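# Architecture and fold: a report
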Amino acid sequence: MLRFLLQRLATIVPTLFFVSVLIFGLQQLLPGDPATALAGEERDPEAIRYLRQKFHLDEPLPVRYWYWASGVLKGDLGDSVRIQKPVTELILEKLPVTIQLATMAMLIALVIGVTAGVISAVKRDTWWDYGANVFALWGLSTPNFWLGILLILVFAVQLGWLPASGYVSPFEDLGANLAAMIMPAFVLGNAIAAVLMRHTRSAMLQVLSSDYVRTARAKGLDERVVVLKHALRNALIPIITLGALEFGTLLSGAVLTEQVFTIPGFGKLIVDAVFNRDYSVVQGVVLFTATVYIMLNLLADLAYFFVNPRMRH
Amino acid sequence: MRIRQAFVLLLFASTVQGQTLRIGLAEDPDILDPTMARTFVGRIVFAGLCDKLFDLDEKLNVVPQLATSYEWSADNKSLTLKLRNGVTFHDGEKMDARAVKFNLERHRDTPGSNRKGELSVISSVDAVDASTVRINLSAPFAPLLTVLTDRAGMMVSPKAAQATGEKFGAKPVCSGPFRFVERIAQDRIVLERYPNYWNKGEIHFDRIVYQPIPDATVRLANLRSGQLDFIERLQPSDVPQLKNDRRFRIAKIVELGYQGITINIGKSDLAQKNPLGKDARVREAFELSLDRDALVRVAMEGEAQPGNQWVAPNNRYYAKSVPVPKRNLERAKQLLREAGVPNPSFTLMTPTASDAQRMAQVIQAMAKDAGFDVKIQSTEFAASLKLADQGQFEAYLLAWSGRADPDGNLHIFLACKGPLNNSGWCKPEADEAIEKARVTLDPAQRAKLYETVAQNVAKDRPIIYLFHRNWLWAHNAKLTGLRTVPDGMVRVQGLKMN
C-alpha cells in the first residue's frame, strides 16, 4: 500500500513539470499579442511598450518560463494584469464557489445516475429500464446552456421561485446561496447523471450475471442485500473512476454553465482570462486545476482499496 | 415575540433592499484606476465612484463638476480652473488644487498610463491657491475640456494613491457620490453612499451593486425577474418584446462612436495588391453598393443611425455638405467597369461577435449586387487588432466606442501620424486641417476645418463610416431621473426609485 502510494507520488512531480511547460507553451500559440489585447481599443503604442516590458514579453521564451516557474515554486502565481489582483487570491476567491457547485452537481448526478442505473439493470427490459434510458439520452443530448436558459425562463422569470443568476456566499445567507446554486448544479449534474447511469447499468448487468451473485441468491439472501451489498459494491469501481474524472472536470470549471448563471467560478475566470490574454491567470488556474485533477485520480486509486478488498493484494 | 422580531427584520430587510440600485453590466470592468483603466464598461462604474473636473450634459456641453469654472489665457496655452470648495475624497482628504496637480501629473507620468496620450500636451500644472489650478500647455489643445469630462478628469485621493501605488485599482479612493466597498472579480462591484459627498441631495440610494452578466438573455432575465433594476446594452432584438411590458422602460441614445470599415490603402504592400486598396473608384463603387438604412434595419433591428462621418449627423461638427450617400448600383457597376475590374474580390476581416458577423453578411450580400466578391474572415478580437496594426488586412469591420470631442474619433485614426492609422492614409490637406482643428478653440472654425477633412475622407474613403449604434438601456419603470448623455455613462445623480 505504502509502496503503491510512493510510486504514484513520484510520478506526480514530472507530470506537473510537463503540465507547466505545456500550459506555458500552448499559451504562446494563442494569436494576438497580450500587450495589444490588454491595451484595448485605444492601444496607445507607449502603453503597449510598457506592458511588454513589464511582463517580460520582450524576452526569450525560456527566460519567461523561468520567471514564471521560479515564482510558482515560491508559491507566487503572479498578478492578474487586468484587475491587478494576485492570482492566488483570485483562485482562493473562486475555489469555494467551484467546490460547492461541483459537489452539489456531483451529489445530484450520483443520486440520480446511480439510482437510475441500478434500477434499470435490475429491472432490465421493463418500462423502468426504457424510462431510465430515455432520461440518459436526454441528459446526454441536452446542451447545458440551453437547459440553463430554459430553467431561468421557467423558474426565475415565469414562476419567480429562484434567482435568475448570480451568487451569494453561504456564510451570508445559506437559503439564498442554495437558491442560486440549485439550477446550475442541476444542469451540470443532469449531464453527468446520464453518463453515470449508463456506466452503472452496464457494470451492474455484468456483476448481476456473475457466479457469486447466483450463489448469494441461491443461499436465499434477500434480493435487496444481493443487489446493494454484493453486486453494487463490485460494480462501483468503474463508477468511482468515472465519478472522480467528472468531478475533476467540474472543478476545472463549468464554462458554459457558469457563464449562463453568472457563477463566479473557475470556468468564468479562465475564459475571461483567455480572451483578455491575462497570461498569469490562465497559467495559474490551469496549473492549479491540473494539480487537483492529478490528486483526485490518486484519491480514486486509493478508494479502490477501500471499496474492493481484492485490490489490496 | 419571535414573530414580531421576524416582522421587524423583514421590514428592515425590505427597506435596505429598496435603497440598493442593482445594475447589470455587459462585461466585467478592468482595473478601477482612472489612470490605467481601458474599458468602456469600467467608465460606467467610475460614474458612481469618481467625480471628474467637468461633466457632459445631454447636448454634449461641458458643464461643471469638481471645477466650477474655467478660463483660457489669451494665447490659449493655459487653462485656469476654479475648484469647488469643501469637496473631500472618500478617505476624508481634501480635494483641492494640490490634489488636482497630483492627479494630472499622475495621469501624464505614470508608466503604462492610458491617459498619457490625452494629456501629453500638458507641460506643467500650477496650484495657484487652494481652489485655483493653472494647466500650462505646450500648444493650444481644443479637446482638453472634453478630455477632462472623462477618466483624465477623474481625481483620486493622492494619499491613497501614494500609499497603494500600482495596487490602487484594487481599492480605489475617489470623490464621487459612492465609495468602494468590495469587488469580487466577475461577480460584483459594491459601492456605498459617501455621506460627505458635495452633492448628496441628488443621491437617493444607499448602495449600488454592479453585476457583470455577459449573456444578454440572462441579463434581461435578471431584469424581468426583478433581481436587477437596470441593464445596459439591451439587445436590439429584445426591444419589441420589452416595449409592451409596462413594468419596464427602455432608454436609448445615439452613441458617440461609430461602426465603420477601415480599408488598407497604404499601410502595407497588401494595399497595392487588391483593387479596393489600389483604386479609389473601386472604393466608391463599394460604398455605393451599400444601403445603410437597410443595413441598420436588418443587422441592427433599426437600433442605429446611418452615418458617413466620424460623428453622427446630429452632432454639431457633422459636415452637412457631405451627406450620407444613397445606394446606387448602376453607378457602382459603371465605376467598376471604368476601373477595369467588374468583379473585384477582397477580404473583410471581422471580429467574432455575432452582430459583427451579421453585419458582414449583409454587407457581403449588398456588395455582391454590384459585382463584388467579399470574403468574410472572422477573427478573434485581440488577434484582429494585431493584424490591423500590422497592416495584414484588406478591409476591417470595426467599431469605435467614441469620444465626446470629434478629435478623439478622428486624430488617432486618420492623422498622418495617428497611432491607429491602420488605413495608412495620409493627405497633407486633410492632415493640416485635423491638426489645426486640435489647436483651434472656436467651434465654428473647427467645424469648417472638419468639413475639409470630411470632404477628403469622402473622396478617398480610408474609412467607410456606416452607422452609429443606439445605446440601449432597460430599467424598472419605477426608476426615474435617468439622464441620457451620448457618452453612454449611467449617471447616478438624481436617480430615484419611486
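Not measured: the values here are computed from a predicted model.

Residue and element names in this part refer to chain B. Where burial is concerned, most of strand β15 (residues 345-351) is hidden: five out of the seven residues are buried. One ladder, built from seven bridges, connects β15 with strand β16 (residues 373-379); its direction is parallel. Paired with phenylalanine 346 across the strands is valine 374, a residue of β16. One crossover worth recording links β15 to the parallel β16 by way of helix α14 (residues 354-370), and it is right-handed. Bridge count for β15 against strand β17 (residues 395-400) is two bridges, and the pairing is parallel.

As a further point, take the packing of aromatic side chains. Residues and elements named next belong to chain B. A complete count under the given rule lists 20 aromatic pairs over all chains for this structure. Consider the rings of phenylalanine 346 and phenylalanine 372, whose centres lie 6.0 Å apart with planes at 80 degrees: the pair is edge-to-face. Of this pair, phenylalanine 346 sits in strand β15 while phenylalanine 372 sits in the loop between α14 and β16, placing them 26 residues apart in sequence. As far as burial versus exposure is concerned, phenylalanine 346 and phenylalanine 372 are alike and both buried. Plain terms: the ring middles of phenylalanine 393 and tyrosine 396 are 6.1 Å apart, the flat faces sit at 65 degrees to each other, and that makes the pair edge-to-face. In this structure, phenylalanine 393 and tyrosine 396 share a single accessibility class: buried. The structure contains a cluster of three or more aromatic residues connected by ring pairs, namely Tyr258, Trp310, Tyr317, Trp400, Phe413, Tyr450 and Tyr465. We note arginine 106 situated over the ring of phenylalanine 168; from NZ or CZ to the ring centre the distance is 5.0 Å. Between arginine 446 and the ring centre of tyrosine 317, over which it is positioned, the NZ or CZ distance is 5.4 Å.

Turning to the pairing of strand β10 (residues 207-212) of chain B, a few remarks are in order. All names here are of chain B. With five of its six residues buried, β10 lies for the most part within the structure. Pairing of strand β1 (residues 20-25) with β10, which is carried by six bridges, proceeds in the parallel orientation. Among the inter-strand pairings, arginine 22 is bridged to a residue of β10, identified as valine 209. Direction of pairing for strand β9 (residues 188-193) relative to β10: antiparallel, over a ladder of four bridges.

Taken together, the contact pairs 50 residues of chain B with 45 residues of chain A. When chain B packs against chain A, the two sides together hide about 4,000 Å² of surface, and 50% of this comes from carbon and sulfur. Contact with chain A buries surface across chain B, with Arg38, Glu166 and Gln186 of chain B losing the most and accounting together for 16% of the total. Remark: the boundary between chain B and chain A carries three salt bridges. In this structure, glutamate 166 of chain B engages lysine 54 of chain A in a salt bridge whose closest nitrogen and oxygen atoms are separated by 3.0 Å. Counting across the interface, chain B meets chain A through 11 residue pairs in polar contact (both at pLDDT 80 or more). Contributing elements (two or more residues each) for the side of chain B that touches chain A: α4 (116-119), β8 (178-184), β10, α7 (216-224), α15 (381-390) and β17 of chain B. Taken together, the residues of the side of chain B that touches chain A break down into 19 nonpolar, 13 polar and 18 charged.

Turning to the confidence of the model for chain A, a few remarks are in order. For any part of a model where pLDDT is low, the fine detail of the predicted coordinates should not be relied upon. Per-residue confidence for chain A averages 83 on the pLDDT scale, and 97% of its residues sit at or above 70. Of all helices and strands in chain A, the one with the weakest mean pLDDT is helix α2 (residues 34-39) of chain A (76), whereas helix α5 (residues 87-122) of chain A scores best (88).

In this section: the sheet that holds strand β4 (residues 67-72) of chain B. All names here are of chain B. With respect to topology, four strands assemble into an open sheet ordered β4-β5-β7-β6, the strand pairing being antiparallel. Sheet topology places β4 and β6 (122-129) at the edges, where each strand pairs with a single neighbour. Across the sheet, the mean angle from the axis of one strand to that of its neighbour is 20 degrees, orientation sign disregarded. Of the strand pairs in this sheet, β6 and strand β7 (residues 132-137) are connected by six bridges, and their pairing is antiparallel. Of the residues in β7, the one forming a bridge with aspartate 126 is arginine 134. Relative to β6, helix α3 (residues 97-109) is tilted by about 170 degrees, and along the sheet it contacts β5 (78-83), β6 and β7.

Attention shifts here to the side chain of aspartate 187 of chain B. Its location among the elements puts aspartate 187 of chain B in the loop between β8 and β9. For aspartate 187 of chain B, a relative accessible area of 3% translates into the label buried. One polar contact links aspartate 187 of chain B to arginine 188 of chain B, side chain to side chain, over a distance of 2.9 Å. With near-sequence residues (within four places) excluded, aspartate 187 of chain B lies in contact with Tyr167, Thr262 and Pro264 of chain A together with Tyr210, Gln211 and Pro212 of chain B.

Next up on the list: empty space enclosed by the protein. Picture a little ball the size of a water molecule; that probe, rolled over the atoms, points out where space is still empty. All names here are of chain B. This structure, assessed with the given rule, holds three cavities of 30 Å³ or more. Looking at the largest cavity, its volume works out to about 120 Å³. Every residue lining the largest cavity is counted, 13 residues in all, and those nearest its centre are Tyr258, Thr262, Leu398, Phe413 and Ile463. Put simply, the parts of the chain that give the lining of the largest cavity at least two residues each are β13 (258-263) and β17. When the residues that make up the lining of the largest cavity are grouped by side-chain class, the tally is nine nonpolar, four polar and no charged. Computed from the structure, the second largest cavity encloses a volume of approximately 40 Å³. Looking at the second largest cavity, the residues that line it are Phe40, Arg43, Leu256, Ser401, Gly402, Trp471, Pro486 and Asp487. For the lining of the second largest cavity, the per-class residue count stands at four nonpolar, two polar and two charged.

Thresholds, definitions, all that
- Along every chain, residues carry numbers that run from 1 in the direction the sequence is written.
- Throughout, the order in which chains and ligands are written sets their labels, letters from A for the former and numbers from 1 for the latter.
- The predicted origin of the model limits local features to residues at a pLDDT of at least 70 and limits the giving and counting of side-chain atom pairs to 80 or more, whereas totals for whole chains, interfaces and linings rest on all residues.
- Excluded from the side-chain calculation are hydrogens and water; included are all heavy atoms of the structure.
- Per-residue accessibility, obtained with a 1.4 Å probe over protein chains only, is compared with the maximum for each type, and a residue is labelled buried under 20%, exposed over 50%, and partly exposed between these values.
- A helix here means a DSSP run of H or I that spans at least four residues, while a strand means a run of E at least two residues long, and both kinds are numbered starting from the N terminus.
- The criterion for strand pairing is that DSSP finds at least two bridges linking the strands in question.
- By convention, a crossover is right-handed whenever its connection, traced from the first strand over the helix to the second and viewed with the strands pointing away, goes clockwise.
- Each Phe, Tyr or Trp ring (for Trp, its six-membered ring) is paired with any other whose centre lies within 6.5 Å, and the angle between the two planes then decides the class: stacked below 30 degrees, edge-to-face above 60, tilted in between.
- Look at NZ for Lys and CZ for Arg. If either is within 6 Å of the ring centre and within 35 degrees of the ring normal, a charge sits over the ring.
- Note on definitions: a residue-residue contact is assigned when non-hydrogen atoms from the two residues lie within 4.5 Å.
- Accessible-area loss on putting two parts together, using a 1.4 Å probe and summing over both, is the definition of buried area adopted here.
- Salt bridge, as used here, is a side-chain nitrogen of Lys or Arg placed within 4 Å of a carboxyl oxygen of Asp or Glu.
- Here a polar contact is taken to be a pair of N or O atoms separated by no more than 3.5 Å, where protein atoms must pair a possible hydrogen donor with a possible acceptor and residues adjacent in sequence count only if both atoms sit in side chains.
- For this scheme, ten residues count as nonpolar: Ala, Val, Leu, Ile, Met, Phe, Trp, Tyr, Cys and Pro. Four count as charged, namely Asp, Glu, Lys and Arg, and the remainder, Gly too, count as polar.
- pLDDT: the predictor's confidence for each residue, scored from 0 to 100.
- Between N-to-C directions, angles cover 0 to 180 degrees, with each direction set by a line fitted to C-alpha atoms, over the stretch in contact for helices.
- The method works on a 1 Å grid over the protein atoms by themselves. A cavity is a set of points holding a 1.4 Å probe that cannot get out, a pocket is an open set with protein on both sides within 12 Å along at least five of seven lines, and residues with an atom within 4 Å of a point line them.
- Grid points are joined across faces, edges and corners, and a volume is the space filled by probe spheres set on the points.

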